[in-house]
Amino acid sequence: MAKYILKRFIYMIVTVFIIATLTFFLMNLLPGSPFNEERTTNEAVQRNLEAHYHLDEPLVVQYVLYLKSIVTLDFGPSIKQPTETVNSLLGRGFPISAELGIWTILIALISGVALGVFAALKHNGVIDYIAMTIAVLGISIPNFVLATLLIQQLAVNLGVLPAATWSSPQHMVLPIVALATGPMAIIARLTRSSMLETLTQDYIKMARAKGLSPAKIIVKHALKNALMPVVTILGTLLAGVLTGTFVIEKIFAIPGMGKYFVEGINQRDYPVIMGTTVFYSAFLVLMLFLVDIAYGILDPRIKLHKEGGK
Amino acid sequence: MKKWWTVFMGVLLVAVLAACTASESAGESDEGSSEGESDSGTKTLLLNNGEEPTSFDPSQGFDAVSWNALNNLMEGLTRLGKDHTPEPATAEKWEISEDGKEYTFFIREDAKWSNGDDVTAGDYEFAWKRLLDPETASPAAFLGYFIEGGEAFNNGEGSADDVMVEAVSDKELKVTLSAPTGYFLNIISNPAFFPINESVATENPEWFAEADSFVGNGPFALAEWKHDSEMLMKKNEEYWDHETVKLDEVHWAMVNDTNTEYQMYESGELDTSNIPSDMAEQLLDSEEVSIQDQAGTAFYRFNVNEEPFQNKKIRKALAMSVNQQEIVDYVTKNKEEPAYGFVSYGFESPSGEDFREHNGKLVEPNVEEAKQLLEEGMEEEGYDELPAITLSYNTSEDNKKIAETIQQMFKENLGVEVTLENAEWNVFLEAQKALEHQLSRSSFLADYADPINFLESFTTDSSMNRTGWSNEEYDQLIADAKNEADEEKRWELMYEAEKLLFEEMPIFPVHFYNQVVLEKDNVSDIVRHPVGYLELKWADKQ
């Protein structure tokens, strides 16, 4: 197991390095520069700006400087917000995005699994249809539409919740609901189908025949296996939601880090692009790694297979 | 089975209840505090800045998100008044030499920094030289090129000592310009020319980064700054004119989505808001709308190096087949003024005439003449058929609508087919600067309040030219205007230059910009200048 983890860890580092390098060169292939303005630009002013951010150096030198910044975990100042460093932007935005993300995942997971299980148990019954209708709606209504609807109804018309910003628990309700609905629907559908499959397995019939209580059968025997597909998607889902979502954060004016992914690219703010990409990819790779370990714990067959494979 | 159900429902119920109680109690405390504020009579204006200010370093944040706020935290020698003309601010008075090049400013005795220090001439000298220092890498540095020695210092040829700005005494500042510049008093109201408290800046070079360390000299002081989420300004009791300031506090949210902004305005969380474009029609006639001019022009550039636009008559024909009035009435629908010239309204000549009114309509929709010109142009070039034309714009819904309308107008009025092409903003701009487009969408917003700022865009070596058009006579007119001390003559030169521009037609205008905002009835006297930044000095809220 330790050997396996170490090996995976080295793979992780290599993956992040490759992503970082690709991003650096792709970014420099993009036409335009952070100082590209529609307004009249003055040559001396442009030159001073480029010198200030080392953009006048050869690409190789910039690449080395950039690798250094990754190793030292210091991405330097943002070009578009010159009084801030990329680290401080991420340091400020990530906890907020993560807070929103954790609540989102928790609520999506609890309600999604619950919906899926009920639907599977009452297969083709009324509850199944209601649950799956909710799930289909959840998947097909984009979260920004839902967000705007929620604001219009609950904040503007009824006035029970604030329309936007991020300062108290009540400000968190609408964005969390808007963001959690999609993942909840996906989880509900996954849980339902794998639950249905599991319930027809021989060992469940066996458990029934032994006279175990239905609750025990479901929680102890069926659910554990039925949740495997959910665990699979949880890694990417976590990385995606925890590092912020551009649209929801924009609509609710949440000061998370989602906007830096998009705006960094639009503005060609090179340090911000690099900082967010490295951060996100490291986070994603780490989540996938954790999911793999979780497999091993949940399903002994997988662990055996992998160890046997080496 | 039943037991299992009950457990699950129980957990869900508890979770829901917990969420509800949390938000209810939070709601009460929140409402309680805001009611308390209005009871004690604190006037708090609720504004939205859109996003985090780029920087409150006066030399860095060259954009509206920084300078709209900064303009109320600090003050230059002059400030633009309600009539958009410069009036004495930190400078009590000034003297201008005969040749219009030497300015001597006298700073008020009672001009103080928010920490109680005196505002001195030395603070200005320090700030202006810092603006021009190549090490500072200020994007606004070129505004300081009007000062003798400023350009040389910034491009590395000169030194700080050669910049002709000097603190003669604590309260007297002498500035020498490289050419007589009638609008210099207007330019220095710009935040790039705000003073910097030298002792504060020496002690803490990052003084502008946080509310605690920020030291200003304007009507308001920065009380709180939660980065990326909100700012709170409080009336600055050290400000020399604090008796004029009526608001106690200004709260700035940072909401970067117009729909959300509007919804917050509707629910009373904001006092002003922009108008979401899809609601413009129903909101524009409401009484809460305020429409102000903005000095700027939406226009299209011909590339005179590309066929068929090397031909003046063909350029003119296309320009005359565009109906600006229809575009603002049915496409943009934002109550803009249609543009029949390049310089926008609001610039008054020494004799009190508006530049635009005086120079009149230099291009007007005229289908018959356009057809005639197209025919002549094609004959001159020996075309049987017009070479293919591509019209380019940067990707946005609004740009697309205008581009499609113009495409339609060319087709209907002249039978000319053009292909539309769009690209991401930075890609588009790069191509436009490299003269890779044939016909492309553009916009201009004035950096300082004088027609010359518009017109200098089309001199041969201007980075704003981007048309390939070069005209010696035009270059000469602009150069002469920049060196002319006699205002009457200077305006004549500018009138002439704009006429020549439209005689040659390397561009065609679409509309002038405006600032359309919703503002609650109980809010008054927020001043928005055509060129300049938000003024809250006189603002009030009932």
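Residues numbered from 1 in each chain as written. Chains lettered and ligands numbered in written order. Predicted model: local features only at pLDDT ≥ 70, side-chain atom pairs only at ≥ 80, totals over all residues. Heavy atoms only, no water.

Chain B is annotated in an unreviewed UniProt entry as Peptide ABC transporter substrate-binding protein of Halobacillus trueperi. Check the Subcellular location (unreviewed entry) section of the UniProt entry for chain B; it says "Cell membrane". (UniProt positions renumbered as here; feature names shortened; annotations may be inferred.)

By the naming in an unreviewed UniProt entry, chain A goes by ABC transporter permease and is assigned to Halobacillus trueperi. Taken verbatim from the UniProt record of chain A, the Sequence similarities (unreviewed entry) comment is "Belongs to the binding-protein-dependent transport system permease family." Reading the Subcellular location (unreviewed entry) entry of the UniProt record for chain A gives the comment "Cell membrane".

K.L.:
Would you mind showing me how to read the interface of chain B and chain A here?
P.N.:
The accessible area lost on association of the parts is a frequent measure of interface size. If you look at the interface, chain B gives 57 residues, while chain A gives 55 residues. A buried area of about 4900 Å², summed over both sides, lies between chain B and chain A, and 57% of it is on carbon and sulfur atoms. Here E424 of chain B ties to R268 of chain A by a salt bridge, and the two come within 2.8 Å at their closest N and O atoms. Applying the counting criterion to the chain B and chain A interface returns 18 residue pairs in polar contact (both at pLDDT 80 or more). Among the elements that line the side of chain B that touches chain A, the one with the most residues is helix α1 (residues 2-39) of chain B, at nine residues. Broken down by class, the residue content of the side of chain B that touches chain A amounts to 23 nonpolar, 19 polar and 15 charged. (Contact = heavy atoms within 4.5 Å. Buried area = accessible area lost by both parts, 1.4 Å probe. Salt bridge = Lys/Arg side-chain N within 4 Å of Asp/Glu carboxyl O. Polar contact = N/O pair within 3.5 Å; in protein donor to acceptor, adjacent residues only side chain to side chain. Helix = DSSP H or I, 4+ residues; strand = E, 2+ residues; numbered from the N terminus. Nonpolar A, V, L, I, M, F, W, Y, C, P; charged D, E, K, R; others polar.)

K.L.:
When you look at the sheet that holds strand β8 (residues 220-226) of chain B in this model, what are you seeing that I'm missing?
P.N.:
Consider a sheet: its strands pair through backbone hydrogen bonds, and that pairing is either parallel or antiparallel. Residue and element names in this part refer to chain B. If you walk across this open sheet you meet the four strands as β1-β10-β9-β8, and the pairing is mixed. Taken across any chain shown, the strands that pair with only one partner, and hence form the sheet edges, are β1 (44-48) and β8. Between one strand axis and the next, the sheet turns by 20° as a mean value, whatever way the strands run. Each of β8, β9 (230-235) and β10 (249-253) touches helix α2 (residues 64-73); the most contacted strand, β8, lies at about 135° to it. (Pairing = 2+ DSSP bridges. Axes fitted to C-alpha atoms, helices over the stretch in contact; angles between N-to-C directions.)

K.L.:
How should the pairing of strand β14 (residues 418-423) of chain B be read in this particular structure?
P.N.:
In summary, the side chains of a regular strand alternate between the two faces of the sheet. Residue and element names in this part refer to chain B. By the bridge criterion, six bridges tie strand β13 (residues 389-394) to β14 in an arrangement that is parallel. The residue of β14 that forms the bridge with Y393 is N422. Read as a crossover between parallel neighbours, the route from β13 over helix α13 (residues 397-414) to β14 is right-handed. (Right-handed = clockwise from strand over helix to strand, strands pointing away.)

K.L.:
For this particular structure, what's the right way to read the side chain of K171 of chain B?
P.N.:
All names here are of chain B. Tracing the chain through its elements places K171 in the loop between β6 (165-169) and β7 (172-176). Of the polar contacts made by the side chain of K171, one reaches the backbone oxygen of R108; its length is 3.1 Å. For K171, the residues in contact, after removing those within four places along its chain, are F105, F106, I107, R108, E109, A111, D118, V119 and A121.

K.L.:
So what exactly am I meant to see when it comes to the domain arrangement of chain B here?
P.N.:
Residues and elements named next belong to chain B. In terms of domains, chain B is made up of domain 1 (42-259 + 519-539) and domain 2 (294-514). Every contact between the two is made by 14 residues of domain 1 and, on the other side, 15 residues of domain 2. Of the roughly 1100 Å² buried at the junction of domain 1 and domain 2 (both faces included), carbon and sulfur atoms supply 66%. For the pair domain 1 and domain 2, the interface holds zero salt bridges. Applying the counting criterion to the domain 1 and domain 2 interface returns one residue pair in polar contact (both at pLDDT 80 or more). The class makeup of the residues in the side of domain 1 that touches domain 2 is ten nonpolar, three polar and one charged. (Domains from an automatic or database assignment.)

K.L.:
Help me understand the pairing of strand β4 (residues 91-96) of chain B, please; the structure alone is not making it clear to me.
P.N.:
Pairing analysis gives five bridges linking β4 of chain B to strand β5 (residues 102-107) of chain B, with the strands arranged antiparallel. Note that in β5 of chain B the partner of E95 of chain B across the bridge is T104 of chain B.

K.L.:
Mind showing me how you'd approach the sheet that holds β14 of chain B here?
P.N.:
Spatially, the six strands line up as an open sheet ordered β11-β16-β12-β15-β13-β14 (chain B), and their pairing is mixed. Looking at which strands have only one partner, the edges of the open sheet turn out to be β11 (272-273) and β14 of chain B.

K.L.:
Honestly, empty space enclosed by the protein in this entry has me stumped. Any pointers?
P.N.:
Vacant regions in the atomic arrangement are exposed by a probe of water-molecule size rolled over the atoms. One pass over the full model with this rule turns up five cavities of 30 Å³ or more. If you add up the space inside the largest cavity, you get close to 180 Å³. Along the walls of the largest cavity sit 16 residues, with E249, K250, I254 and K259 of chain A together with N256 of chain B positioned nearest its centre. For the lining of the largest cavity, the elements supplying multiple residues, two or more each, are α11 (246-251) and α12 (258-266) of chain A. It is α11 of chain A that provides the largest number of residues to the lining of the largest cavity, a total of three residues. Split into classes, the residues belonging to the lining of the largest cavity amount to six nonpolar, three polar and seven charged. (1 Å grid on protein atoms, 1.4 Å probe; cavity = no way out; pocket = protein on both sides within 12 Å on 5 of 7 lines; lining within 4 Å. Points joined across faces, edges and corners; volume = space filled by probe spheres on them.)

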